[in-house]
Amino acid sequence: MTFAGQAVNAVERALVGLLCRIEDAEMAKIPATGPLILVTNHVNFLEVPVLHSRLRPRHVVGLAKAEAWSNPFLRWLFNLWGAIPVRRGETDLGALRASLKALRDGAILVIAPEGTRSRHGRLQRGHAGVVTIALRSGAPILPLAFYGGEALGRNVKRLRRTPFHIVVGEAFYLDPAEGRLGQERRQELADGIMRRLADLLPPQYRGEYADLAPGSPERVAGS
């Protein structure tokens, strides 16, 4: 890691620790080596510095909206982090190729299938891009859920630290026998991934997946 990267890592860890009480014990479940697709929900800006500061020194790559690169500070920060810009609302082949290369290089690829921040903490419908990456790479998927961070704004006004919870699930693979998929089947698989996230969250945070039955056709890693 560069000196700038080390400095940013230290600052973001200190600032997040000042604002929040991070319950991160379950992050010990994240493998120390090997390619991994880390699938998360997306509540607000907190998740990025929390993950980035706690997953290092592992090579961590995330997807971020391409519009963020128009902001000079965010462009510098995201380039420092090695983030992959993705054009939302279209098939971005460049982002797909960069994601697959990161996984071939043994990185952790962080994906939030919701595609945008919820701010309220309840799950939104997941998009199917993660399915394409998982099937083409063959990498395991590990669900990781956050909750509590949605209260940050209220707590800052009251000079209170925010409890920020992290729950890590069990790794699994998508079945490569699926082959070429139509959009409907890809969305079904994406919803199966999102159900695994919902299973990690208290009921009030499950949102679009509150009424969906658990279980999916994916196989558990190592099986």
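Quick note: structure is the one above.
Residues numbered from 1 in each chain as written. Predicted model: local features only at pLDDT ≥ 70, side-chain atom pairs only at ≥ 80, totals over all residues. Heavy atoms only, no water.

Caption draft 1: Highlighting the pairing of strand β2 (residues 36-40). Among the five residues in β2, five count as buried, and that is most of the element. On β2, burial covers both faces: Leu-36, Leu-38 and Thr-40 on one face and Ile-37 and Val-39 on the other are all buried. Relative to strand β5 (residues 108-111), β2 runs parallel, the two being bridged by four bridges. Each residue of the ladder has a partner; that of Val-39, found in β5, is Ile-111. In terms of strand pairing, β2 meets strand β6 (residues 141-147) through four bridges, oriented parallel. Looking across to β6, one finds that Val-39 is bridged to Pro-143. (Buried < 20%, exposed > 50% of the residue type's maximum accessible area, 1.4 Å probe, protein only. Helix = DSSP H or I, 4+ residues; strand = E, 2+ residues; numbered from the N terminus. Pairing = 2+ DSSP bridges.)

Caption draft 2: Representation of the nonpolar core in the model. Among the nonpolar cores identified, the biggest contains 35 residues, and Ile-37, Ile-133, Ile-141 and Ile-193 are the most heavily contacted of them. For this core, the elements supplying multiple residues, two or more each, are β2, α4 (93-104), β5, α5 (129-137), β6 and α7 (183-200). Within the second largest apolar cluster, 21 residues are counted, among which are Val-16, Cys-20, Leu-46 and Val-168. (Core = buried A, V, L, I, M, F, W, Y, C linked by side-chain atoms within 4.5 Å.)

Caption draft 3: The arrangement of the pattern of salt bridges in detail. Within this structure, the stated rule accounts for seven salt bridges. Between Arg-87 and Asp-92 there is a salt bridge, with the nearest N and O atoms lying 3.7 Å from each other. For Asp-92, a relative accessible area of 10% translates into the label buried. (Salt bridge = Lys/Arg side-chain N within 4 Å of Asp/Glu carboxyl O.)

Caption draft 4: Geometry of the environment of Ser-99. Tracing the chain through its elements places Ser-99 in helix α4. Residues Ser-99 and Ile-111 lie twelve residues apart in sequence; the distance between their C-alpha atoms is 9.9 Å. Other than its neighbours up to four places away in sequence, Ser-99 contacts Leu-63, Ile-84, Leu-109 and Ile-133. (Contact = heavy atoms within 4.5 Å.)

Caption draft 5: Helix α3 (residues 72-81), seen in detail. Considered for burial, the residues of α3 that qualify are Leu-77, Phe-78 and Trp-81. Buried positions in α3, seen along its axis, are confined to an arc of 95° and lie on one side of it. At its buried positions, α3 is contacted by α1 (3-19), α2 (47-55) and β3 (60-65). The backbone nitrogen of Phe-73 lies 2.9 Å from a side-chain oxygen of the residue at the head of α3, namely Asn-71. Phi for Gly-82, located one or two positions after α3, is positive at around 75°. (Arc of directions from axis to C-beta. Polar contact = N/O pair within 3.5 Å; in protein donor to acceptor, adjacent residues only side chain to side chain.)

Caption draft 6: The arrangement of a nonpolar patch on the surface in detail. Taken together, Val-11, Leu-15 and Leu-18 make up a surface patch of nonpolar side chains, about 300 Å² in accessible area. Tracing the sequence through the fold places Val-11 in helix α1. Residue class for Val-11 comes out partly exposed when judged on its relative accessible area of 48%. (Patch = residues over 30% accessible without salt bridge, like charges linked within 9 Å, V, L, I, M, F, W, Y side chains within 5 Å. Areas by Shrake-Rupley, 256 points an atom, 1.4 Å probe, with all protein chains shown as cover.)

Caption draft 7: Layout of the packing of aromatic side chains. Applying the stated criterion across every chain yields a total of five aromatic pairs. Between Trp-69 and Phe-78, the ring centres sit 5.3 Å apart and the planes meet at 55°, which makes this aromatic pair tilted. Look at Phe-78 and you get buried, because its relative accessible area is 14%. Aromatic pair Phe-146 and Phe-164: ring centres 5.5 Å apart, planes at 50°, arrangement tilted. Taken together, the residues span a long stretch of sequence, with Phe-146 in strand β6 and Phe-164 in strand β7 (residues 162-168) at a distance of 18 residues. Grouped by ring-pair contacts, the aromatic residues Trp-69, Phe-78 and Trp-81 constitute a single cluster. One Lys or Arg, Arg-196, reaches over the ring of Phe-172 and ends 3.9 Å from the middle of that ring. (Phe/Tyr/Trp six-rings, centres within 6.5 Å; stacked < 30°, edge-to-face > 60°. Lys NZ or Arg CZ within 6 Å of the ring centre and 35° of its normal.)

Caption draft 8: Quick look at the side chain of His-52. As for its position among the elements, His-52 is in helix α2. Since its relative accessible area comes to 6%, His-52 is described here as buried. Only 2.5 Å separates the side chain of His-52 from the side chain of Glu-12, close enough to count as a polar contact. At 3.1 Å, the side chain of His-52 forms a polar contact with the side chain of Trp-81. Dropping the residues within four chain positions of it, His-52 is found in contact with Asn-9, Glu-12 and Trp-81.

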